[in-house]
Amino acid sequence: MRGTPTVVIAGAGVVGLAVAALLAKGRCADRLRVHVLDARPLPRWRAETMDLRVYALSRASQRLLEHVGVWERIAAARAAPYRRMRVFEGPDAFAPGALEFDSADIGEPDLGHIVEDSLLRTVLADVVTAAPNAELGVGAEIAAVAAEPGGVTVELGPGGSARGTVLLAADGSDSAVRRLLALPVTGHRYEQTAVVMHVTSSGSHADTAWQRFLPGGPLAFLPLTDGRSSVVWSLPTDEAEKLLAAGDADVLAALQEASAGVLRTLTACSARAGFALQALHALRYTAPRVALLGDAAHTVHPLAGQGMNLGLLDAACVAAVIEDAVLAGEDPGDLKVLQRYERRRKGDNLAMLAAFDGLNRLFRLPQWAAPIRSAGMQAVAAAGPVKRLLMRRALGLAASNRDRFRW
Ligand SMILES: Cc1cc2nc3c(=O)[nH]c(=O)nc-3n(C[C@H](O)[C@H](O)[C@H](O)COP(=O)(O)OP(=O)(O)OC[C@H]3O[C@@H](n4cnc5c(N)ncnc54)[C@H](O)[C@@H]3O)c2cc1C
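Residues numbered from 1 in each chain as written. Predicted model: local features only at pLDDT ≥ 70, side-chain atom pairs only at ≥ 80, totals over all residues. Heavy atoms only, no water.

Draft legend 1. Expanded view of the packing of aromatic side chains. Using the criterion set out here, one finds 2 aromatic pairs in the structure. Geometrically, the ring pair formed by Phe-94 and Trp-210 is edge-to-face, given 6.0 Å between the ring centres and 75° between the ring planes. Of this pair, Phe-94 sits in the loop between β5 (84-88) and β6 (99-102) while Trp-210 sits in strand β14 (residues 208-214), placing them 116 residues apart in sequence. Taking 6.1 Å as the distance between ring centres and 40° as the angle between the ring planes, the aromatic pair formed by Tyr-285 and Tyr-341 counts as tilted. Of the two residues, Tyr-285 sits in the loop between β18 (273-282) and β19 (286-287) while Tyr-341 sits in helix α9 (residues 335-364), which places them 56 residues apart along the sequence. Geometry around Phe-275 places Arg-53 over its ring, the cationic atom sitting 4.3 Å from the centre. (Phe/Tyr/Trp six-rings, centres within 6.5 Å; stacked < 30°, edge-to-face > 60°. Helix = DSSP H or I, 4+ residues; strand = E, 2+ residues; numbered from the N terminus. Lys NZ or Arg CZ within 6 Å of the ring centre and 35° of its normal.)

Draft legend 2. Main features of the packing of helix α8 (residues 307-327) against α9. α9 packs onto α8 with a crossing angle of 165° between their chain directions and a minimal axis gap of 9 Å. Between α8 and α9, the crossing angle belongs to the class labelled roughly antiparallel. Classified by chirality, the crossing of α9 by α8 is right-handed. Between α8 and α9, the residues in contact are Leu-310, Leu-313, Asp-314, Cys-317, Val-318, Val-321 and Ala-325 and Val-337, Arg-340, Tyr-341, Arg-344, Arg-345, Asn-349 and Met-352, respectively. The residue makeup of the contact of α8 with α9, split by class, is 9 nonpolar, 1 polar and 4 charged. (Axes fitted to C-alpha atoms, helices over the stretch in contact; angles between N-to-C directions. Parallel < 35°, antiparallel > 145°, perpendicular 65-115°, else oblique. Left-handed = near helix turned anticlockwise from the far one by under 90°. Contact = heavy atoms within 4.5 Å. Nonpolar A, V, L, I, M, F, W, Y, C, P; charged D, E, K, R; others polar.)

Draft legend 3. Focus on the sheet that holds strand β20 (residues 290-292). Pairing within the open sheet is mixed, and its 6 strands lie in the order β8-β2-β1-β12-β20-β19. Only two strands of the sheet have a single partner each, and these edge strands are β8 (134-138) and β19. As defined by bridge partners, strand β1 (residues 6-10) adjoins strand β2 (residues 33-38) across 5 bridges and the pair is classed as parallel. Across the sheet, the residue bridging to Val-8 is His-35, located in β2. (Pairing = 2+ DSSP bridges.)

Draft legend 4. View of the environment of Ala-394. As for its position among the elements, Ala-394 is in helix α11 (residues 384-394). Between the alpha carbons of Ala-394 and Leu-327 there is a distance of 32 Å; along the sequence they are 67 residues apart. Apart from residues lying up to four places away in sequence, Ala-394 is in contact with Ser-58 and Gln-306.

Draft legend 5. Expanded view of the pairing of strand β13 (residues 185-201). Both β13 and β18 contribute to a ladder of 9 bridges, which runs antiparallel. What sits directly across from Thr-186, in β18, is His-281. In the sheet, β13 pairs with strand β16 (residues 229-236) via 8 bridges, with the strands oriented antiparallel. Its bridge partner being in β16, Val-196 is matched across the sheet by Val-232. Inspection of the sheet shows β13 paired to strand β17 (residues 266-269) by 3 bridges, in the antiparallel sense.

Draft legend 6. Summary view of the site of the ligand. In the vicinity of the ligand there are 31 residues, among which Asp-38, Ala-56, Asp-295, Gly-305 and Met-308 approach most closely. Measuring from an oxygen atom of the ligand, one finds a backbone N or O atom of Ala-56 at 2.8 Å. Within the contact set of the ligand, an oxygen atom lies 3.0 Å away from a backbone nitrogen or oxygen of Asn-309. For the ligand, the accessible surface in isolation is 1000 Å², of which the surrounding protein chains cover 88%. Element by element, the count of residues in the shell around the ligand is highest for α8, at 3 residues. By residue class, the composition of the shell around the ligand is 16 nonpolar, 8 polar and 7 charged. (Near = heavy atom within 4 Å. Polar contact = N/O pair within 3.5 Å; in protein donor to acceptor, adjacent residues only side chain to side chain. Areas by Shrake-Rupley, 256 points an atom, 1.4 Å probe, with all protein chains shown as cover.)

Draft legend 7. Representation of helix α7 (residues 248-258) within the structure. Every buried residue of α7 is listed here: Val-251, Leu-252, Leu-255 and Ala-258. One side of α7 holds all its buried residues, which, seen down the axis, span an arc of 130°. Pointing more than 90 degrees away from the buried face of α7 are the exposed residues Ala-249, Asp-250 and Glu-257. Of the surrounding secondary structure, the elements contacted by the buried residues of α7 are β13, β14, β15 (217-223), β16, α6 (237-245) and β17. Following α7 by one or two positions, Ala-260 has its phi on the positive side, about 60°. (Buried < 20%, exposed > 50% of the residue type's maximum accessible area, 1.4 Å probe, protein only. Arc of directions from axis to C-beta.)

In structure tokens:
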């Protein structure tokens, strides 16, 4: 390798910024340069408004954020721990067969935290812009990508270009990089749209994430620090469109009925936003000098709140692979280097995608399948070790992750 290698990152979403921060502050900080590009300006977090986009972050994601030195700032600003998760299907959240996951059962203080998108992006962007070896450019839409033996050139929409040794595509589920390089994907649209909003309730959320599986799709309430709950309601798209167009009173009435009263009376709701849902998996995560990560590589149903967590594991893995290569004097854009990342992450991501897809299908089957679902839930509820395993897995505490990532 001649000169300082440059890692160009397409997309300053949480995953792109996380990999940028890891590399900018990592073991090779003085041996490589980082250049992050995004088509749109980044949101800045503001204490007085709660972002509609929030994520349930696992312990593994928290550790990554601790590792790059931003978790303390996030916790001081706004992060809601959730200690329990209750999953149910019928009108009674406490009926036998409903599943409760309690962090106390695995000796953990919580099962994760609910954190706003704008907060994550603000603190990570601050790390990137403060690093002497990194830069962040917004308003630059990726228009063309050309990989040559010595490097990769990215042509930008308004004119100009960026050149690097390797291009990491974290540009989301409609990844322009993936499309421009004609990297094949498999997957399907769910014909479901997730409607998100925040609600105020007369009952406490009790630091619990509630999830009810309804015939049209799952409805989740995630606890927020101000006592409200964040709603993610996946519905058939025509029903979601009606809900998005409805007034507050109608939205609250529909939610009240669907919620089975877990938060008692819902008294107010915020503005709403809708997200069309799809399952997508890139058949290859890599091409010469290019690697896909986050939603660009795999987009999963939000029912288990794991898409971002998987993307952050990709970020940690690809950063470690690139650093190892630089320290070994290898070319970090070499396809065989990038394929190490692909080999380590693809199996896990695919298994998670299939599991969430299967769960969504199972719970959308008609009533005849209810006894099968109920038996399955009761079996998990009764089997302590299985439940604990599922919790550790959802927290990202599987042994494989611990071994793989230095943090
Ligand atoms: C309703 C809902 C709820 C969810 N809840 C959770 C949860 O609780 N926990 C969890 O772990 N996951 C959750 N997810 C999944 C999570 O939102 C995604 O996995 C995550 O946002 C992916 O991050 P990313 O950085 O890969 O992509 P994105 O967040 O999509 O970011 C991509 C970035 O690339 C930029 N970009 C796109 N195209 C271009 C271009 N041509 N040129 C330059 N820049 C470009 C975009 O502007 C954007 O900034 C949820 C998803 C949905 C829909």
